Amino acid sequence: MATLSLQHIDKIYDNNVQAVFDFNLDVKDGELIVLVGPSGCGKSTTLRMVAGLEDISAGRLYLDGKDITQTPAKDRDMAMVFQNYALYGHMTVYENMAFSLTMRKENPNVIHKKVLAAAEILGLTNQLNKKPAQLSGGQRQRVAMGRSIVRNPKVFLFDEPLSNLDAKLRGATRREILLLHKQLQATMLYVTHDQTEALTLADRIVCMSMGYVQQVGTPLELYDSPANIFVAGFIGLPPMNFYDVTVGPDGLTGEGFKVTLTAEEADTLQAYHGKTIVLGVRPEDIVLGPDVPVTVSTNENLGMNTLVHGHIGQTSGARISAKLKGWADYKNGDTVTFSFKRKHFFDKETTNAIRKGV
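An account of the accompanying structure is given in this report. Owing to the predicted nature of the structure, the values given are computational and were not obtained by experimental measurement.

What follows covers the overall build of the protein. When helices and strands are tallied, the protein shows nine helices and 19 strands. Seen through its C-alpha atoms, the protein measures out along the principal axes to roughly 75 × 45 × 35 Å. Expressed as a percentage of the 358 residues in the protein, the buried residues total 49%. For the protein, contacts bridging at least 24 residues in sequence account for 66% of all contacts bridging at least 6. Of the roughly 17200 Å² of accessible surface on the protein, 51% is carried by carbon and sulfur atoms. Distance from the positive charge centre (38 side chains) to the negative charge centre (38 side chains) of the protein: 7 Å.

See the structure below:
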C-alpha cells in the first residue's frame with residue numbers, strides 16, 4: 001500500500017491557539033496506527049491534516065517519500081471513514097459504495113466488480129439494494145468502509161468510526177476492522193478515545209495529550225512500560241492506582257502502608273533514596289497479601305474477576321482499586337489486606353517513568 005511520514009507537524013489556528021505540537025511519526029507499509037487520547041488532545045486534528053481537510057501550519061507530510069504537504073485532499077489518494085457514516089440517504093447501499101467511482105466516470109463493469117468484491121468482504125452482499133435507513137448502525141459503518149475499499153486508496157483514515165455504536169456492535173465492528181486490515185494489508189490511521197480499541201487494533205499506538213505525543217509503541221509497550229504518569233493512567237482499565245511514597249533503605253512508605261522492594265527495584269530507585277516519588281500499581285497487579293490494609297467500599301463481580309474498590313487504612317485514606325481473580329463477595333466496611341505484585345515508579349516532578357539506568 002503506502003508509507004507515511006509526519007515530520008515536525010504543528011497546527012496553529014487563526015486565533016493563535018495551537019492544537020498539535022511537533023508531531024513526528026513514520027508509518028510503515030501496511031501498518032495499522034491508532035491515535036488515542038482524551039477529547040481535545042489533537043488526534044482528530046492530526047488525522048484531518050493527513051487527509052488534507054486541515055492545513056498544516058508547520059512541518060512536512062510525505063506519502064511514499066513524496067512531499068504532499070500542500071497537495072489538495074482530492075489528490076492524496078486517501079479514503080476517510082467518518083464517525084457519522086456520511087452516507088447518502090436517497091441512494092442504495094450499492095450506489096453509496098459506487099459513488100466515488102461513478103463520479104470519476106470509471107467503467108461501469110469495473111465499478112460493479114469492485115462493489116461486489118467489497119460487499120463480499122464486508123458481508124453486505126444481501127444489503128446492496130437497501131437504503132441506509134433500513135440498516136443497523138453497524139451495517140451503515142460497513143457501507144462507509146466499503147465506499148473506501150472500492151477506491152483502493154493508498155491510506156485508510158478512520159475518525160472514531162465506532163463511537164456511535166452500542167457496546168455489542170462496537171466489539172463486533174472492531175473485529176471486522178481488524179479482519180479487514182489483515183485481508184487488505186492496508187496502511188491505516190485510526191483515531192479513537194477508547195483505549196480498548198487502541199489496544200486490540202493497533203500495530204502501534206500513538207498516545208496524545210494536550211497536542212503532544214506522549215508515547216509511541218506497541219500496545220504491550222504502552223501497557224507494560226508507560227513513559228509517564230499520563231500514559232500509565234490512560235492505558236489500562238480500570239486505571240492504574242497512584243500513590244506518593246518515600247523511598248527508604250528498606251522499602252517504600254506511603255500514607256497508611258509500607259511495601260518492600262526487590263533487589264532490582266531497589267537498584268532502580270538508588271538515586272531517589274529519601275525522596276518522594278509516585279508509585280503506580282495496576283489493579284490486576286494487586287493480590288491478597290500482608291502489606292496494604294484496605295477498607296472496602298464497593299465490590300463488583302465480573303464472573304472470572306472481581307473489582308474491589310476501597311480506601312487504604314480507614315475511609316479517609318487514599319483510594320485503591322484491585323482486580324482479583326475469581327469471585328469475591330466483600331461488603332462495604334469489610335477489611336482486607338493486599339500486596340503489590342508489580343510496581344511502576346515515576347518521578348514526581350517530571351512525571352516521567354523511573355527506569356534502571358535512565
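After presenting the structure, the write-up continues.
The subject of this paragraph is the sheet that holds strand 5 (residues 66–67). Strand order in the open sheet formed by four strands is 2-1-4-5, with antiparallel pairing between adjacent strands. Only two strands of the sheet have a single neighbouring strand rather than two, namely strand 2 (18–27) and strand 5. Bridging between strand 4 (residues 58–63) and strand 5 involves two bridges; their strand directions are antiparallel. Opposite leucine 63, over in strand 5, you have lysine 66 as the bridge partner. Across the sheet, helix 1 (residues 43–51) lies against strand 1 (4–12), strand 2 and strand 4, angled at about 120° from strand 1, the strand it touches most.

Moving on to the packing of aromatic side chains. Inspection of every chain in the model, using the stated rule, returns eight aromatic pairs. Ring centres of tyrosine 88 and phenylalanine 99 lie 4.9 Å apart, and the angle between their planes is 50°; on these two criteria the pair is classed as tilted. In this pair, tyrosine 88 sits in the loop between strand 6 (78–81) and helix 2 (93–103) while phenylalanine 99 sits in helix 2, placing the two residues 11 residues apart along the sequence. The class for phenylalanine 99 is partly exposed, based on a relative accessible area of 25%. Judged by centre distance (5.7 Å) and plane angle (70°), the rings of tyrosine 243 and phenylalanine 257 are edge-to-face. Linking tyrosine 243 in strand 11 (residues 241–248) with phenylalanine 257 in strand 13 (residues 257–259), this pair joins segments that are 14 residues apart in sequence. Among the residues examined, tyrosine 243 registers a relative accessible area of 5% and is labelled buried. Among the aromatic residues, ring-to-ring pairing joins Tyr243, Phe257 and Phe340 into one connected group. One cation-aromatic arrangement involves lysine 275 over tyrosine 272; the distance from NZ or CZ to the ring centre is 5.8 Å.

The next thing to look at is the pattern of salt bridges. Tallied over the entire structure, the rule returns 13 salt bridges. Measuring nitrogen to oxygen at the nearest pair gives 2.9 Å for the salt bridge that ties aspartate 67 to arginine 60. Among the ionic pairs, arginine 342 bridges to aspartate 224, the shortest N-O distance being 2.8 Å. One end of the pair, arginine 342, is in the loop between strand 18 (335–340) and strand 19 (344–347); the other, aspartate 224, is in helix 7 (residues 219–224), and 118 residues separate them in sequence. For aspartate 224, a relative accessible area of 30% gives the class partly exposed. What you see here is one network of salt bridges that share partners, running through Lys11, Arg48 and Glu54.

Closest axis-to-axis distance for the helix 2/helix 4 (residues 137–149) pair is 7 Å, and the angle between their directions is 35°. Judged by the twist between their axes, the crossing of helix 2 over helix 4 is right-handed. On helix 4, the residues that touch Val93, Asn96, Met97 and Ser100 of helix 2 are Val143, Gly146 and Arg147. Partitioning the contact of helix 2 with helix 4 into residue classes produces three nonpolar, three polar and one charged.

Attention now goes to the nonpolar core. Grouped together as the largest cluster of nonpolar side chains are 41 residues, with contacts concentrated most on Met97 and Tyr190. Looking at which element gives the most residues to this core, the answer is helix 3 (residues 108–122), with five residues. Residues contacting methionine 97, with those up to four places away along its chain left out, are Val115, Ala118, Ala119, Leu124, Leu128, Val143, Gly146, Arg147 and Val150. If you look at the next biggest cluster of nonpolar residues, it comprises 28 residues, including Ala2, Leu4, Phe23 and Val155.

Another aspect to go through is the side chain of arginine 174. With respect to the secondary-structure elements, arginine 174 resides in helix 5 (residues 167–184). Among the polar contacts listed, one links the side chain of arginine 174 to the side chain of threonine 200, at a separation of 3.2 Å. Ignoring any residue separated from it by four or fewer positions in sequence, one finds arginine 174 in contact with Leu162, Thr196, Glu197, Thr200 and Leu201.

The rules behind the values
Residues numbered from 1 in each chain as written. Predicted model: local features only at pLDDT ≥ 70, side-chain atom pairs only at ≥ 80, totals over all residues. Heavy atoms only, no water. Helix = DSSP H or I, 4+ residues; strand = E, 2+ residues; numbered from the N terminus. Buried < 20%, exposed > 50% of the residue type's maximum accessible area, 1.4 Å probe, protein only. Contact = heavy atoms within 4.5 Å. Areas by Shrake-Rupley, 256 points an atom, 1.4 Å probe, with all protein chains shown as cover. Lys, Arg positive; Asp, Glu negative; His and termini not counted. Charge placed at Lys NZ, Arg CZ, Asp CG, Glu CD. Pairing = 2+ DSSP bridges. Axes fitted to C-alpha atoms, helices over the stretch in contact; angles between N-to-C directions. Phe/Tyr/Trp six-rings, centres within 6.5 Å; stacked < 30°, edge-to-face > 60°. Lys NZ or Arg CZ within 6 Å of the ring centre and 35° of its normal. Salt bridge = Lys/Arg side-chain N within 4 Å of Asp/Glu carboxyl O. Left-handed = near helix turned anticlockwise from the far one by under 90°. Nonpolar A, V, L, I, M, F, W, Y, C, P; charged D, E, K, R; others polar. Core = buried A, V, L, I, M, F, W, Y, C linked by side-chain atoms within 4.5 Å. Polar contact = N/O pair within 3.5 Å; in protein donor to acceptor, adjacent residues only side chain to side chain.

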